[in-house]
Amino acid sequence: MRILVLGGTIFVGRHIVEAALARGDEVTLFNRGLHGAQLFREVEQLRGDRDGDLSALAGRSWDAVVDTSGYFPRAVRASARELADRVDHYTFISSGSVYADFSRPGIDESAPTLELAPDAPEELSSPEAYGGFKALSERAVEEALPSRALKVRAGVIVGPHDPTNRFTYWVTRIAEGGEVLAPEPRGQPVQVVDARDLADWVLRMADERRGGVFNAAGQGTTLEAFLTGIQDATGSDADLTWVDERFLADAGVEPFQELPFWLAPNVDPAWAYFLALDASQAVRAGLTFRPLAETVGDTLAWALESGPAGPKDVGVAMAPAGMSPERERGLLDVWRRRAA
Ligand SMILES: NC(=O)c1ccc[n+]([C@@H]2O[C@H](COP(=O)([O-])OP(=O)(O)OC[C@H]3O[C@@H](n4cnc5c(N)ncnc54)[C@H](OP(=O)(O)O)[C@@H]3O)[C@@H](O)[C@H]2O)c1
């Protein structure tokens, strides 16, 4: 397949490019050359900025395009319109964050999505802005390529090269061993999808020219099974100390960011089922999941090789997730004194 990737050099797109090359696809990258310009030297690289300069795409055609770098409908609409007559199929990597209500379990593709005001400023200033703009971007792609657009509402994506440090925090922290702060409630739903499983599935869907909207999220598990699964996979002697949810919230611990995957569901029920999307439709369409242990092993190997996470610019300026050792120690000390 001749495939164009809008992006392709940080994480999800990078795995899509690697998977496509491994299958023997002919790949073209379109990006600004600001991130990972040393990657994929053997591949055609088109330089441009999807926010205003798509000239490098002019006159070209591909079988399929995969758009991993679209955050705002204006830019996504521009690339979808530009390519509509010159590709068979357009995959837009959207997000599970499009949904309006995470207070209930089992969110499937028919659940209502966020609605942003038409004049909302183009800023990713909140999770709602991110999700709302992704929802509008999905619509822009569908309008330009009716029934030839695949909208992938990805859940939290993990694996090597993940710039967010969410999964990597737990893998490296647990691998390090010692007493580890684990947040209650341990029964909170969690799901992750390995970027490589997502990449393989996206390419197969493009092969089949499948359109539609799919929740591409991982198999459901609990926070406890997730953290002990990481412990088993790393062979760590870590000792998980489960700390009360309310105590953590009162101490100002930021859910999801400071303790990744923790949603404080009883403190803020609005996010309780953020990690419990119904991905059964994607599974029926062929999405598969490798064992957690494999993702853990590969992520740990990559993290040890690439060193500590720093601030990242991945389209959105983001501080790496996770808690400093001092903060963790301090919280555990106070928690123990209270419990004594
Ligand atoms: N991480 C998660 O858990 C998660 C969950 C759900 C959905 N998602 C979605 O998954 C995608 C993640 O993508 P990724 O960052 O890993 O993809 P990626 O394709 O590996 O990296 C982003 C690419 O976009 C390029 N780019 C950024 N701004 C550009 C611009 N203005 N014009 C042209 N190229 C531009 C970057 O290169 P240059 O900077 O050199 O241009 C880079 O190649 C996002 O759409 C995100 O919303 C992520």
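Residues numbered from 1 in each chain as written. Predicted model: local features only at pLDDT ≥ 70, side-chain atom pairs only at ≥ 80, totals over all residues.

Q: Any chance you could break down helix α4 (residues 166–176) for me, citing the residues and the numbers?
A: Given 3.6 residues per turn, any residue in an α-helix points the same way as the ones three and four places further on. With 8 of its 11 residues buried, α4 lies for the most part within the structure. Of the surrounding elements, those touching the buried residues of α4 are β7 (157–158), β8 (179–183), α6 (223–234) and α9 (292–306). Trailing α4 by a residue or two, G177 shows a phi angle of about 90°, which is positive. (Buried ≥ 20, exposed ≤ 12 C-beta atoms within 10 Å, placed from the backbone. Helix = DSSP H or I, 4+ residues; strand = E, 2+ residues; numbered from the N terminus. Contact = placed C-beta atoms within 7 Å.)

Q: So, the site of the ligand: which residues are in play, and what are the values?
A: Around the ligand, the structure places 26 residues, and the nearest of them are G7, F11, G13, R32 and S69. With 3 residues, the top contributor of residues to the shell around the ligand is helix α1 (residues 12–23). Classifying every residue of the shell around the ligand gives 9 nonpolar, 12 polar and 5 charged. (Near = placed C-beta within 6 Å. Nonpolar A, V, L, I, M, F, W, Y, C, P; charged D, E, K, R; others polar.)

Q: Pulling in residues and values, what's your account of the packing of helix α2 (residues 73–83) against helix α3 (residues 127–144)?
A: Put simply, α2 and α3 touch, their axes get as near as 8 Å, and they point 20° apart. One way to sum up the angle between α2 and α3 is to call them roughly parallel. Between α2 and α3 lies a crossing of right-handed hand. Residues P73, V76, R77, A80 and R81 of α2 touch α3, and the partners they reach there are F133, L136, S137, A140, V141 and A144. Looking at the contact of α2 with α3, its residues break down into 8 nonpolar, 1 polar and 2 charged. (Axes fitted to C-alpha atoms, helices over the stretch in contact; angles between N-to-C directions. Parallel < 35°, antiparallel > 145°, perpendicular 65-115°, else oblique. Left-handed = near helix turned anticlockwise from the far one by under 90°.)

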